[in-house]
Amino acid sequence: MNANGKLRMGVYWASSCGGCDISLLEIGDKILDLAQIADILFWPCVADFKYADVAGYLDGYLDLCFFNGGIRNSEQEQVVRLLRNKSRTLIAYGTCAADGGIPALANLYSSEEIFEASYHENPSIDNEAGVEPQPEVETAIGTLEIPRFYPAVLKLRDVVEVDYVIPGCPPQADDVWETIAALASGAVPVHAGDARIGCNNRSVCDECKREKREVKIKELHRHHEFRPEPGWCLLEQGLLCMGSATRGGCGALCPKVGMRCEGCYGPPPGATDQGASIMGALGALLDAGTEARAQEMVAEIADPTGTFYRFSLASSRLRVSSDRGGRR
Amino acid sequence: MDATELRVEPALDTQTAWEPRIVGFLCLWCSYTGADNAGTARMKYAPNVDIVKVMCSGRIDPDLILTAFAKGADGVMVLGCHVGDCHYISGNHKTMVRMPLLRRVLEDFGIEPERFRHEWVSAAEGEKFSRLVSEMTEQVRELGPLDWKARLKECTGENLGPWGGEHP
Amino acid sequence: MRYEAPEKLSEQRRNGDEPRVGVFVCHCGGNISDIVDVEKVVEQIRKRSGVACVTTHQFCCSDPGQAVIEQSIRERRLNRIVVAACSPSLHELTFRRAVARGGLNPYLFEHANIREHVSWVVDDRKEATAKAGRLIRAAVARAARLAPLEKRRIPIHPSVLVIGGGVAGLTAARDLANRGIRVRLIESTPFLGGRLAQLYKIYPTGQRARDVIGGLIREVSSNPLITVYTNAELVEARGFIGDFHTTIRLVPRGATERCTDAQAAINACPEETVDQFNLGLARRKAIYLPYKGCYPSIPAIDWRNCTRCGACLEAGGVGSIDLDEKPREIVIRSGAIVIAVGLNTYPPRYGEYGFGQFAEVITLAQMNRLLDPTGPTQGELVVNGRRIRRVGFMHCVGSLQHEGVHKPMRDGRINQYCSRVCCTTTMHTAVELKTRWPGVQVYDFHEDIRTYGRRHEGYYDKVCRQGVVFLRFDPLRPPRVGVDPKGEWPLVLRTVDRLTFGEELEVPLDLLVLATGLVARDMSKLVDLYRCSVGADRFLMEVHPKLRPVEMATFGLFLAGSVQGPMDIGESTAAAAAAASKAAALLKAGQIELDPFVAEVDTSKCSGCRICLQACPFAATDRDEAARTAKINQALCTGCGTCVASCPCNAIQQRGFRDDQVEAELLALLEAEEPVGV
């Protein structure tokens, strides 16, 4: 803690979309309160902090560090190791840091395929020379290095020890502020394994007000072809809502407005593999009757892996890496 | 083909030779009893499938199968009562949905379809059981080791610093 | 006491439960040890953590073998036992008992099957030894995590509900009441007797069917312990073994006990309809008695055909008929349920062997009505106004059907099974025909004849001697029925006879009797209410065809008679008697012990998503509205574990098959292999 009694705080953005940084601002006028209780010592997204400054701190100098995004390259790995050493409490903030998030879906493809898509195939790319980023390039002023690309997106816990995990894509602002306030007040211990906070200890179903009629799914639907009945459980209506296999905390935001839960808070409490959770549940819910119908219904699902593991592939049992096997 | 014919004659280095490791999740009432049936009839089949018994194939959580692959199985078999003959009325109806679902996911993960087999074996079908086991063993033998543990190391950070992966 | 499952073995150890596993490897007198190198296995297993001792025995299941287990538990302070021997189906119970005698909870035992799954199926000694080692180490890993379990004890309500008032239901009811058990019998039609009442004479005794069923009905109706409800429909069922609550709707019968002159009331009725009791061969009034001497002897009104004109009311006398009575519902409580709803005869489709096209094509059941002197023709062999002289019997109509030859039933399936009773019934009917009308020519068209039962073959011999002509057809080219081009006979049957090596024959007939098979009734309501297992043949399914032939997978439900598949009367009553004995044994025990492998909800993990409510085949999962979580009714739970795999939050665990137990077994199996030298 600083001499002025304020927390020393850091925020970092690795392999993620940046929404998490913005979500920190979503706390609204509480940002002024934040300024009252914390000094921001590192937040590259908002000001020009240098790694060297951080490296100069004593170990454990930062009280609190919000790290969002997974680890995709060597720079991110270096920074997370650095911040781990310099932070008393390291928080994996947001689903990318917690479970890999959307970027981890790339683990289903090899590095070659990813480069092919990003630097050649992508219709918005103009790369006639066929240039790809190289880790080392000889130039007139010497050797230039860029971070090395790793074959898989890793969640934070794969690389360093994490004290807390705040899931969500992005985490909900109210919960974020409460968490900061709790940590600032010393109400919670600084280390808690990788305990999940800022979320609910039950699944999204617990927060969802839609009525369960306890009927099985006769037919599967997708949003663009189907208007769900208001007030009735979306999963029972045949939309592949991930709510039952997703940790709560969002207040069932998507189901509330008629959209199926996509699973952004990661696996529900008690489970590690979100896909296994929903596959187990769908076994009980799909009203197939015959084997042929079962196979038909399963075949209708457009992208099971992308649907069931959209946010948590890096936490799945099989995880998958890119360069060996994976989806072609 | 007789199962015994399929096996390679013991060579000097069999101590280190790779053998497929396959886990079979079997329901007690039909498939496990079917395996007993094969035993009682002294049918010979490949010794590579190790059985984990559950009361009903409906108990087989996809998580268990994923765990088996993650922890070193080269193949997984799931056997249950035929649809309509479930001791628990419709326990296997859940299996009938879960397994095709899991199969699609496993394919996306890059696990060859031959490594995962889901079949119905009744208590009387000892012959079918022994045939499936030998067939599956040969299929997996042809594919070679899955060795997911090594693959996992790459994406759990075990190899980090210095990073073991190659830059493309 | 609820056992709190430790998440990890380390946690279990902290609780002071350090596993001390005793492993007993059986030689099975060479059955195992001739192939498996037992000593090698012992050496491997002994090194594993948690293993306190490894012992071998020639026969673990023998008295001395069991004694060694008991003694070791005491002397070596063992707290988990693994026996590696034959299949658990043979001796799991034996060893559990031995473990209990040794002073341990019997569920702290794990069985490794190294005979049926190893020594009997693997030739190579090294491979067999390696596999036995893997299975045993997996059993050890699982055993270390086992928790003591208690069998569930459930009190039993001392009464039985019998569903169905045919010969099986009546037999079961009588047998139960004779043991002093309170019985409620419900019958969906207004009269007792079922299909048996429609038969004429029955094999192998040649008795009148009505005498047999009449005697049984008298025994039932006079027994004060039995209450009979006719015109009763199933409405709802709740509860479980020991305490079923079945709601039935009693449809008013119209006539009351004060109806003294039933015949006058019937005569007065102006409405006529098809007489179903006589299988459409006669007509009856809307108020009716199916036959003389039926029970109850009070007539019943067939409400679908009654116009409520009141004619019967005047003729029957004051208070004899009540046209305004409303259906009422009652709840029957019972500790067990005997299902004896019987079956149907196969309804031939229009045109099947000319059925429906020609009045001269009838079923065997209709033939029985014709032979009955109290039947529609007073026992005269007259059909369509013609005295019958040439009769053909066609076997296997609706049975032994062949894919591609026969059209499937409504559910898309064909009847591949043998209906078992039709062959002997046909022979028995032919005997009756030839005895009463020796001049009648009888032809028998069959694919196969199966007079399988005791004293059944005698009928076959007899008809052979009586001059019945047997013709065997090719099942893939069944006979065809048409009109006689000469107009002399109403029917001509064209067939290829395999007994004369493919001779093509035309047989003129004036009556063709279809030996229709037996099919399951539409039991969807019953199946739904009591969650019955249904076989691919649509009949209800027992737990095990040989070992538990009259019990259903749902505890407390017993099967009596032909609801389970084609049976003749003797077999039906035998099954009914068995069901009654099983139900009586259950009731007399006062309580029942059930396997402890039930599922339980960890409410701290449950999110209340209700997915388990749809997973359970037995409706054992329910919702605790106050806590907004799931709960499991342990009396209803059969321990399949389907809900466990369905729960997205892993909040449900199955005792004896907890995730950590199964996973420990799995991981031990997948451990790196230790090299095994020969």
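Residues numbered from 1 in each chain as written. Chains lettered and ligands numbered in written order. Predicted model: local features only at pLDDT ≥ 70, side-chain atom pairs only at ≥ 80, totals over all residues. Heavy atoms only, no water.

### Points about the overall build of chain A
Stated formally: Each helix is a run of H or I in the DSSP string that is no shorter than four residues. Each strand is a run of E no shorter than two, and both are numbered from the N terminus. Atoms considered for the radius of gyration are the C-alpha atoms alone. The globule rule reads 2.2 Å times the number of residues to the power 0.38. Relative accessibility decides the category of a residue: with a 1.4 Å probe and only protein chains considered, values under 20% of the type maximum give buried, values over 50% give exposed, and everything between is partly exposed. Contact criterion: two residues are considered in contact whenever any of their non-hydrogen atoms come within 4.5 Å of each other. Charge counting follows a simple rule: Lys and Arg are positive, Asp and Glu are negative, and His as well as the terminal groups are ignored. The atoms used to mark charge sites are NZ of Lys, CZ of Arg, CG of Asp and CD of Glu.
Across its full length, chain A holds 13 helices and 10 strands. Here the C-alpha radius of gyration of chain A, 22 Å, is about what a compact globule of 328 residues would show, namely 20 Å. Each of the three principal axes of chain A carries a C-alpha extent, and together these read 65 × 55 × 30 Å. Residues classed as buried in chain A amount to 54% of the 328 residues present. The long-range share in chain A, meaning contacts at least 24 apart out of those at least 6 apart in sequence, stands at 73%. Put simply, chain A has 32 plus and 45 minus side-chain charges, and the middle of one group is 6 Å from the middle of the other.

### Re the nonpolar core
Nonpolar side chains in soluble globular proteins generally cluster together in the buried interior. Rules: What is meant by a nonpolar core is a set of buried Ala, Val, Leu, Ile, Met, Phe, Trp, Tyr and Cys residues, joined one to another through side-chain atoms within 4.5 Å.
If you look at the biggest cluster of nonpolar residues, it comprises 170 residues, and the most contacted ones within it are A:Phe308, B:Phe25, B:Ile65, B:Phe129, C:Val23, C:Ile81 and C:Ile136. Here this core takes 10 residues from helix α6 (residues 125-144) of chain C, the largest share from any one element. By size, the runner-up hydrophobic cluster in this structure holds 81 residues, among which are C:Ile332, C:Phe358, C:Leu371 and C:Leu471.

### Some words on helix α6 (residues 111-121) of chain A
All names here are of chain A. Rule in force here: Working definition: the arc comes from the directions between the helix axis and the C-beta atoms, pointing outward to the latter.
What α6 keeps buried is the set Ser111, Ile114 and Phe115. Across the axial projection of α6, the buried residues extend over an arc of 95°, all falling on one side. The elements touched by buried residues of α6 are β4 (71-73) and β8 (149-154).

### Details of the interface of chain C and chain B
Much of the literature gives interface size as the accessible area that the parts lose upon coming together. This is how it is decided: Two parts placed together each lose some accessible area under a 1.4 Å probe, and the buried area is that loss summed for both. Any Lys or Arg side-chain nitrogen located within 4 Å of an Asp or Glu carboxyl oxygen qualifies as a salt bridge. In protein, a polar contact means a hydrogen-donor-capable atom and an acceptor-capable atom, both N or O and within 3.5 Å, with residues adjacent in sequence counting only if both atoms are side-chain atoms; elsewhere, any N or O pair within 3.5 Å suffices. In this count, Pro and Cys sit with the nonpolar residues alongside Ala, Val, Leu, Ile, Met, Phe, Trp and Tyr, while Asp, Glu, Lys and Arg are called charged and the others, Gly among them, polar.
Tallying the contact residues gives 62 residues for chain C and 49 residues for chain B. Taken together, the two surfaces of chain C and chain B that pack against each other cover about 4,300 Å², and 55% of this comes from carbon and sulfur. The salt bridge involving C:Asp659 is made with B:Arg59; its shortest N-O contact spans 2.9 Å. At the junction of chain C with chain B, the criterion picks out 15 residue pairs in polar contact (both at pLDDT 80 or more). Only α4 (88-101), α5 (115-119), α6, α16 (611-615), α17 (642-646) and α18 (659-669) of chain C provide two or more residues apiece to the side of chain C that touches chain B. Here the element with the most residues in the side of chain C that touches chain B is α18(C); it accounts for 7 residues. Among the residues making up the side of chain C that touches chain B, the classes are represented as 27 nonpolar, 18 polar and 17 charged.

### Quick look at a nonpolar patch on the surface
Residue and element names in this part refer to chain A. Applicable threshold: To count toward a patch, a residue needs a relative accessible area over 30% and no salt bridge; like charges are then connected within 9 Å, while nonpolar side chains (Val, Leu, Ile, Met, Phe, Trp, Tyr) are connected within 5 Å. Residue exposure ignores everything except the shown protein chains as possible cover, and the areas themselves are Shrake-Rupley values with a 1.4 Å probe.
Together, Val137, Ile141 and Leu144 give the surface a local cluster of nonpolar side chains, amounting to about 300 Å² of exposed area. With respect to the helices, strands and loops of the structure, Leu144 is situated in strand β7 (residues 142-145). Leu144 sits in the partly exposed class, given a relative accessible area of 44%.

### What to know about the state of the cysteines
Put simply, the rule is: Any two cysteine sulfur atoms lying within 2.5 Å of each other are counted as a disulfide.
All chains considered together, the criterion is met by 1 disulfide over all chains. Each sulfur of the disulfide joining B:Cys30 and B:Cys81 lies 2.4 Å from the other. In this structure the cystine formed by B:Cys30 and B:Cys81 twists about its S-S bond by roughly 100°; its chirality is therefore right-handed. Taken together, the residues span a long stretch of sequence, with B:Cys30 in helix α2 (residues 28-40) and B:Cys81 in the loop between β3 (75-80) and α4 (91-108) at a distance of 51 residues. Taken as a pair, B:Cys30 and B:Cys81 share a single burial class, namely buried. No disulfide involves A:Cys169; its nearest neighbouring cysteine sulfur is the one of A:Cys264, lying 5.5 Å away.

### Remarks on the sheet that holds strand β12 (residues 243-250) of chain C
Remark on secondary structure: sheet strands pair via backbone hydrogen bonds, oriented parallel or antiparallel. Residues and elements named next belong to chain C. The cut-off we apply is this: Only strands that DSSP links by at least two bridges are regarded as paired with each other. What counts as an axis is a line fitted to C-alpha atoms, over the stretch in contact for a helix, and the angles between N-to-C directions run from 0 to 180 degrees.
Read from one edge of the open sheet, 3 strands run β11-β12-β17, paired in antiparallel fashion. Every interior strand has two partners, whereas the edge strands, β11 (232-240) and β17 (328-334), have only one. Recorded for the sheet is a direction-independent mean angle of 20° between the axes of neighbouring strands. Examined bridge by bridge, β12 and β17 share 7 bridges and lie antiparallel to one another. Each residue of the ladder has a partner; that of His245, found in β17, is Arg333.

### Observations regarding the packing of aromatic side chains
The criterion, for reference: Stacked, edge-to-face and tilted are the three classes for Phe, Tyr and Trp ring pairs, Trp counted by its six-membered ring, which pair at centre distances within 6.5 Å; planes under 30 degrees apart are stacked, over 60 edge-to-face, the rest tilted. Counting as a charge over the ring demands two things of the Lys NZ or Arg CZ atom: a distance within 6 Å of the ring centre and an angle within 35 degrees of the ring normal.
Within the structure shown, the criterion is met by 22 aromatic pairs over all chains. Here the aromatic rings of A:Phe115 and A:Tyr119 are separated by 5.4 Å at their centres, their planes lie at 55°, and the arrangement is tilted. Highlighted residues: A:Phe115 and A:Tyr119, both in helix α6, separated by 4 residues, approximately one helical turn. A relative accessible area of 4% places A:Phe115 in the buried class. A ring pair is formed by C:Phe95 and C:Phe109, whose centres lie 6.0 Å apart and whose planes are at 40°; its orientation type is tilted. With C:Phe95 in helix α4 and C:Phe109 in strand β4 (residues 109-113), the pair connects residues that are 14 residues apart, well separated along the chain. Among the residues examined, C:Phe95 registers a relative accessible area of 1% and is labelled buried. Ring pairs connect the aromatic residues A:Tyr12, A:Phe42, A:Phe49, A:Tyr51 and A:Phe67, which therefore count as one cluster. Directly above the ring of B:Tyr32 sits B:Lys53, whose terminal nitrogen or CZ lies 5.5 Å from the centroid.

### So, the domain arrangement of chain A
Residue and element names in this part refer to chain A. Applied cut-off: Domain extents, as shown, originate in an automatic or database domain assignment.
One can read the domain layout of chain A as domain 1 (7-102 + 153-196), domain 2 (110-150) and domain 3 (204-315). Placing a centre on the C-alpha atoms of domain 1 and another on those of domain 2 gives a separation of 29 Å. When the two sides are added together, the surface that domain 1 and domain 2 hide from each other amounts to roughly 550 Å², 54% of it contributed by carbon and sulfur. Its largest share of buried area at the contact with domain 2, domain 1 owes to Arg72, Asn73 and Ser74, together 76% of the area lost on that side. At the junction of domain 1 with domain 2, the criterion picks out 0 salt bridges. Linking domain 1 to domain 2 there are 3 residue pairs in polar contact (both at pLDDT 80 or more).

### Examining the interface of chain A and chain B
Of the residues lining the interface, 51 residues belong to chain A; the matching set on chain B comes to 39 residues. Both faces considered, chain A and chain B share a buried interface measuring about 3,900 Å² in area, 66% of it formed by carbon and sulfur atoms. Remark: the boundary between chain A and chain B carries 1 salt bridge. B:Asp63 is paired through a salt bridge with A:Arg317; the nearest N and O atoms lie 2.8 Å apart. At the junction of chain A with chain B, the criterion picks out 8 residue pairs in polar contact (both at pLDDT 80 or more). For the side of chain A that touches chain B, the elements supplying multiple residues, two or more each, are α4 (74-86), α6, β8, α7 (156-159), α11 (274-285), α12 (291-300) and α13 (304-308) of chain A. Residues belonging to the side of chain A that touches chain B are distributed by class as follows: 27 nonpolar, 11 polar and 13 charged.

### Section: the sheet that holds strand β1 (residues 22-27) of chain B
Residue and element names in this part refer to chain B. Ordered by their spatial adjacency, 4 strands build an open sheet running β2-β1-β3-β4, and the pairing between neighbours is parallel. Looking at which strands have only one partner, the edges of the open sheet turn out to be β2 (49-54) and β4 (116-120). Neighbouring strand axes in the sheet, compared pairwise and without regard to direction, differ in orientation by 20° on average. Pairing of β3 with β4 involves 5 bridges; the strand directions are parallel. From the neighbouring strand, Gly80 faces β4, where its bridge partner is Trp120. Along the sheet, α4 contacts β3 and β4; its crossing angle with β4, the most-contacted strand, is approximately 160°.

### Details of the side chain of C:Lys285
All names here are of chain C. Topologically, Lys285 is positioned in strand β14 (residues 283-285). With no salt bridge to any partner, buried Lys285 finds its closest opposite charge in Glu272, at an N-O distance of 5.5 Å. Of the polar contacts made by the side chain of Lys285, one reaches the backbone oxygen of Ile266; its length is 3.4 Å. If we ignore the near neighbours within four places in the chain, the residues touching Lys285 are Ile266, Asn267, Cys269, Glu271, Glu272 and Thr273.

### What about the side chain of C:Gln661?
Residues and elements named next belong to chain C. Mapped onto the elements, Gln661 comes out in helix α18. Here Gln661 falls in the buried class, since its relative accessible area comes to 1%. Of note is the side chain of Gln661, whose polar atom sits 3.1 Å from the backbone oxygen of Arg145. In this structure, Gln661 is in contact with Arg142, Arg145, Leu146, Ala147 and Gly656, ignoring residues within four places of it in sequence.

### Looking at unusual backbone geometry
Residues and elements named next belong to chain C. That bond from Tyr203 to Pro204 is cis: its omega, -5°, falls within 30 degrees of zero. On the secondary structure map, Pro204 appears in the loop between β8 (201-202) and β9 (207-208). Residue Pro296 is reached from Tyr295 by a cis peptide bond, and omega for that bond is -10°. Tracing the backbone shows Pro296 in the loop between β15 (287-288) and β16 (300-301). For Asn231, which is not a glycine, the phi torsion comes out positive at approximately 55°. Even without glycine at this site, Asn650 takes up a positive phi of about 50°. Residue placement: Asn650 occurs in the loop between α17 and β36 (652-654).

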